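# Examining the three-dimensional arrangement
Below are the chains, spelled out letter by letter.
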Amino acid sequence: MAKMFDLVIKNFFAKKPTRLFPVAPERVAFPLSRGRIVFDEKTCILCSICARRCPADAITVDRAAGKWELDAFRCIICGECVTACPKKSITMSNERRHGSETQVIETFMMEPPKPPAPKQPVVKPATTAEVTPAPIEKSNI
Ligand code: SF4
Ligand code: SF4
């Protein structure tokens, strides 16, 4: 009993392992923690690699409409899209997303990429007409 009393007294004065949220300030995220992905629409080329590599099917890319979409509720923050993007348009932030009761879908609209120009038929360069050399005039010797 005395041992338990000692423990109670010790814990009463010890530093609290938990925080009194939201009264206490929110904990600062560790630099390398995976919080959420951040998309930069200025560099994206709508190649769809991120959507194909996403194991959770959280990214949708519509090239024709110029639309990039993330279903934040499906994202498991694995970071696969971050490493797969050839343009580094997706980065991992250590700031976590706040909870929500409704589905969060981030939609970005961009200029759709122009379709490739039709191939022009190969035109062979015209052969140069044979030029007959002018007769050499014999000078009066
Ligand atoms: S992989 Fe990168 S460039 Fe390609 S669609 Fe995704 S975010 Fe855009
Ligand atoms: S972090 Fe993973 S789950 Fe989330 S969108 Fe990227 S690939 Fe998909």
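In the block above lies the structure referred to throughout.
Let me begin by describing the structure that accompanies this report. (Residues numbered from 1 in each chain as written. Chains lettered and ligands numbered in written order. Predicted model: local features only at pLDDT ≥ 70, side-chain atom pairs only at ≥ 80, totals over all residues. Heavy atoms only, no water.)

## Remarks on the overall build of the protein chain
Keep this limit in mind: Only runs of H or I of at least four residues qualify as helices and only runs of E of at least two qualify as strands under DSSP, and these elements are numbered from the N terminus. Only protein chains enter the accessibility calculation, which uses a 1.4 Å probe. A residue is then buried if its area is under 20% of the maximum for its type, exposed if over 50%, and partly exposed in between. Contacts are assigned to residue pairs with any non-hydrogen atoms lying within 4.5 Å of each other. In these tables, accessible area is a Shrake-Rupley quantity obtained with a 1.4 Å probe, and a residue counts as shielded only by the protein chains included in the view.
Each helix and strand counted, the protein chain has three helices and five strands in total. Across the 141 residues of the protein chain, 21% fall into the buried class. Excluding contacts between residues fewer than 6 apart, the proportion of contacts in the protein chain whose partners are at least 24 apart in sequence is 68%. Carbon and sulfur atoms make up 61% of the accessible area of the protein chain, which totals about 12,400 Å².

## A closer look at the site of ligand 2
Selection criterion: Here, proximity means that at least one heavy atom of the residue falls within 4 Å of the molecule or strand. Cavities and pockets are defined on a 1 Å grid built over the protein atoms alone: a cavity is a set of grid points where a 1.4 Å probe fits but cannot escape, while a pocket is an open set with protein on both sides within 12 Å along at least five of seven lines, and lining residues are those with an atom within 4 Å of any such point. Whether a molecule lies in a cavity or pocket depends on its atoms, and more than half of them have to be within 2 Å of the grid points. The nonpolar class holds Ala, Val, Leu, Ile, Met, Phe, Trp, Tyr, Cys and Pro. Asp, Glu, Lys and Arg form the charged class, and all remaining residues, Gly among them, are polar.
As a matter of local geometry, ligand 2 sits amid 13 residues, with Cys54, Cys75, Cys78, Gly79 and Cys81 nearest to it. When each cavity is represented as a set of grid points, ligand 2 is found to reside in the second largest cavity. Here the residues of the shell around ligand 2 are counted per class, giving 11 nonpolar, one polar and one charged.

## With respect to the layout of surface pockets
Taking a probe equal in size to a water molecule and rolling it over the atoms shows the remaining empty space. For clarity, the threshold we go by: Grid points are joined across faces, edges and corners, and a volume is the space filled by probe spheres set on the points.
Within this model, the largest pocket holds a volume of roughly 260 Å³. Considering the residues around the largest pocket, the lining is formed by 14 residues, among which Glu26, Arg27, Val28, Ala29 and Arg96 are closest to the centre.

## Re the side chain of Ser89
Applied cut-off: Contacts described as polar in this section are N or O atom pairs within 3.5 Å, which, within protein, must combine one atom able to donate a hydrogen with one able to accept it, while residues neighboring in sequence count only if both atoms come from side chains.
For Ser89, the position within the fold is in the loop between helix H3 (80–84) and strand S4 (90–93). One polar contact links the side chain of Ser89 to the main-chain amide nitrogen of Cys44, over a distance of 3.3 Å.

## Here we look at the nonpolar core
Short version of the rule: In this description, a nonpolar core means a group of buried Ala, Val, Leu, Ile, Met, Phe, Trp, Tyr and Cys residues linked to one another through side-chain atoms lying within 4.5 Å.
Counting residues in each nonpolar core, the largest one holds 17 residues, and the members touching the most others are Phe39, Cys50, Ile59, Val61, Trp68, Ile90 and Met110. Elements that contribute at least two residues to this core include exactly strand S1 (36–39), helix H2 (49–53), strand S2 (59–62) and strand S3 (67–71). Those residues within four positions of Ile59 in sequence are excluded, and the remaining contacts are Cys50, Ala51, Cys54, Trp68, Glu69, Leu70, Cys81 and Ile90.

## Section: the site of ligand 1
Near ligand 1 there are 13 residues, and of these Cys44, Cys47, Ser48, Cys50 and Cys85 occur at the shortest range. Of the residues belonging to the shell around ligand 1, the class tally is 11 nonpolar, two polar and no charged.

## Describing a nonpolar patch on the surface
This is how it is decided: Note that patches include only residues with greater than 30% relative accessible area and no salt bridge, and the join distances are 9 Å for like charges and 5 Å for nonpolar side chains (Val, Leu, Ile, Met, Phe, Trp, Tyr). A carboxyl oxygen of Asp or Glu within 4 Å of a side-chain nitrogen of Lys or Arg is what we treat as a salt bridge.
Side chains of Phe5, Ile9, Phe12 and Phe13 sit close together on the surface and give an oily, nonpolar patch of about 500 Å² of accessible area. Structurally, Phe13 can be placed in helix H1 (residues 2–13). Overall, the relative accessible area of 65% leaves Phe13 in the exposed class.

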